[in-house]
Amino acid sequence: MGANANVYQIRIRLKHVKPAVWRKFLVEDNMKLPDFHKVIQTVMGWTNSHLHQFVIKDKYYGEPDEDSFGETIDYKNLKLKDVLTFEKQKIIYEYDFGDGWEHEIVLEKIFNNRNIDNPICLSGKRNCPPEDSGGPYGYMDLLEVISDPTNEDYKEMKSWIGEDFDPEYFDKEVINELLATKDYGCISLLD
């Protein structure tokens with residue numbers, strides 16, 4: 001990426017979901033926010049099929065839209081270092097406004113004057129919820145249903161999410177392979 005960039009160690013956690021779904025990863029501080037969004041989609045396991053925004057000090061950053069509520073600041077030319085500047089600073093990343101997925105992002109550590117070839121996932125826990133699963137509370141209900149084969153909704157839920165869905169699944173090698181692609185492995189259905 002860039003010369004003399006700092007590297008940020010980021011921890012992202014999906015809010016209001018238990019047990020916790022989280023990732024820890026490295027990115028360069030000069031990454032533009034639209035690319036950071038794609039990295040988040042990839043490390044978390046989302047499919048980039050819904051709108052998103054960053055919330056920083058009660059301001060909204062994303063792609064301006066005439067249908068937006070309030071004022072959205074165009075983030076197209078903003079870099080990560082423009083909005084995250086010190087260790088332990090927190091911001092929010094919102095994804096899929098209908099389901100209301102909120103992610104807490106923490107800048108855990110700044111490594112000065114280092115470069116990385118690609119963003120790198122260091123660690124994490126648990127699978128990303130399926131798209132359109134009803135937000136945190138819908139997902140928690142889904143987990144309860146699929147953990148009990150005697151539940152009357154078990155077969156329907158398993159059919160909807162697929163037999164292979166494992167809420168405990170996490171594979172950083174797969175994530176890092178996706179992060180090594182040109183578009184960070186992010187499948188964009190909105191572009």
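Reading the values: the criteria
Residues numbered from 1 in each chain as written. Predicted model: local features only at pLDDT ≥ 70, side-chain atom pairs only at ≥ 80, totals over all residues. Heavy atoms only, no water. Patch = residues over 30% accessible without salt bridge, like charges linked within 9 Å, V, L, I, M, F, W, Y side chains within 5 Å. Areas by Shrake-Rupley, 256 points an atom, 1.4 Å probe, with all protein chains shown as cover. Salt bridge = Lys/Arg side-chain N within 4 Å of Asp/Glu carboxyl O. Helix = DSSP H or I, 4+ residues; strand = E, 2+ residues; numbered from the N terminus. Buried < 20%, exposed > 50% of the residue type's maximum accessible area, 1.4 Å probe, protein only. Axes fitted to C-alpha atoms, helices over the stretch in contact; angles between N-to-C directions. Parallel < 35°, antiparallel > 145°, perpendicular 65-115°, else oblique. Left-handed = near helix turned anticlockwise from the far one by under 90°. Contact = heavy atoms within 4.5 Å. Nonpolar A, V, L, I, M, F, W, Y, C, P; charged D, E, K, R; others polar.

Quick notes on a nonpolar patch on the surface
Taken together, the side chains of Tyr-169, Val-174 and Leu-178 present a nonpolar region at the surface, about 240 Å² in accessible area. Within the element layout of this structure, Tyr-169 appears in the loop between α4 (154–161) and α5 (172–179). Look at Tyr-169 and you get partly exposed, because its relative accessible area is 41%.

Here we look at the packing of helix α1 (residues 33–44) against α5
Helix-helix packing is described using two parameters, namely the angle between the two axes and the distance between the axes. Remark: α1 packs on α5, axes separated minimally by 9 Å, with the N-to-C direction vectors making an angle of 150 degrees. Classed by the angle they form, the pair α1 and α5 counts as roughly antiparallel. Note on packing geometry: the crossing formed by α1 with α5 is right-handed. For the pair α1 and α5, the contacting residues are Val-39, Thr-42 and Val-43 in the first and Ile-175, Leu-178 and Leu-179 in the second. Here the residues of the contact of α1 with α5 are counted per class, giving five nonpolar, one polar and no charged.

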